[in-house]
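Inside the fold
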Amino acid sequence: MKVDSGFLHTLHLGGEFDANLCMNCGTCTALCPLGIELMPRKLFRRVLLGDKESVVGQSETIFSCLLCRMCESNCPAGIHIAENVRSLRTYLNHEVYGLAEA
Ligand code: SF4
Ligand code: SF4
């Protein structure tokens, strides 16, 4: 894994991203109606670690999220999960796909 120490900073330019209080409890993953094993717990951890390559490689998963907030409304740490996903999409659209809008 190649760490990109500026990844989180770049991500913040496209919106809010905050998962620092995540306890890795897995409630979000258990409740996700899509059963996406990666979302959001593991994905957010990769973001915090600066594992940009891995996150970019999961863009299909990031765009498949329904933004239903089932995970968010049950997160014991109060993480704004949907907002974080939106920020990731904005980042991917701008930095990877070269699009102007999220
Ligand atoms: S439910 Fe919240 S605290 Fe638990 S793993 Fe998911 S994001 Fe982290
Ligand atoms: S907002 Fe996305 S990650 Fe959260 S439960 Fe809904 S589909 Fe799953």
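Residues numbered from 1 in each chain as written. Chains lettered and ligands numbered in written order. Predicted model: local features only at pLDDT ≥ 70, side-chain atom pairs only at ≥ 80, totals over all residues.

What follows concerns the site of ligand 2. If you check the shell around ligand 2, you find 16 residues, and the closest are Cys32, Cys65, Cys68, Met70 and Cys71. Here the shell around ligand 2 is built from residues that sort into 15 nonpolar, no polar and one charged. (Near = placed C-beta within 6 Å. Nonpolar A, V, L, I, M, F, W, Y, C, P; charged D, E, K, R; others polar.)

So, about unusual backbone geometry. Although it is not a glycine, Asn24 adopts a positive phi angle of roughly 60°. Note on placement: Asn24 falls in the loop between helix 1 (7-12) and helix 2 (27-31). With a phi angle near 65°, Arg69 is a residue other than glycine that sits in the positive phi range. Inspection of the secondary structure puts Arg69 in the loop between helix 5 (59-64) and helix 6 (81-96). (Helix = DSSP H or I, 4+ residues; strand = E, 2+ residues; numbered from the N terminus.)

As a further point, take the nonpolar core. Core analysis: the biggest nonpolar cluster contains 20 residues, and Val47 and Ile81 have the highest contact counts within it. Of all the elements in the fold, those that place two or more residues in this core are helix 1, helix 3 (41-49) and helix 6. Looking at this core, the element that brings in the most residues is helix 6, giving five residues. (Core = buried A, V, L, I, M, F, W, Y, C linked by C-beta atoms within 7 Å. Buried ≥ 20, exposed ≤ 12 C-beta atoms within 10 Å, placed from the backbone.)

Now for the environment of Glu95. Assignment of secondary structure puts Glu95 in helix 6. With 33 residues separating them along the chain, Glu95 and Ile62 place their C-alpha atoms 15 Å apart.

A word on helix 6. Counted at 1.5 Å a residue, the expected span for helix 6 with its 16 residues is 22 Å, and the 21 Å between its end C-alpha atoms agrees. Residues of helix 6 that are buried: Ile81, Asn84, Val85, Ser87, Leu88, Tyr91 and Leu92. Projected onto a plane normal to the axis of helix 6, the buried residues spread over an arc of 155° and lie on a single side. Where helix 6 is buried, its residues meet helix 1, helix 2, helix 3, helix 4 (52-57) and helix 5. Of the residues flanking the end of helix 6, it is Gly98, one or two places downstream, whose phi is positive at about 70°. (Expected span 1.5 Å × (residues − 1). Arc of directions from axis to C-beta. Contact = placed C-beta atoms within 7 Å.)

Moving on, we come to helix 3. Residues of helix 3 that are buried: Arg41, Leu43, Phe44 and Val47. The buried residues of helix 3 occupy one face: seen down the axis, they fall within an arc of 165°. Elements that come into contact with the buried residues of helix 3 comprise helix 1, helix 2, helix 4 and helix 6. Just past helix 3, the residue Gly50 takes up positive phi, approximately 80°.

Moving on to the environment of Cys28. One can find Cys28 in helix 2. Setting aside its immediate chain neighbours within four residues, Cys28 contacts Pro40, Arg41, Cys71, Cys75 and Ile81.

By themselves, these figures tell us nothing about what the structure is for.
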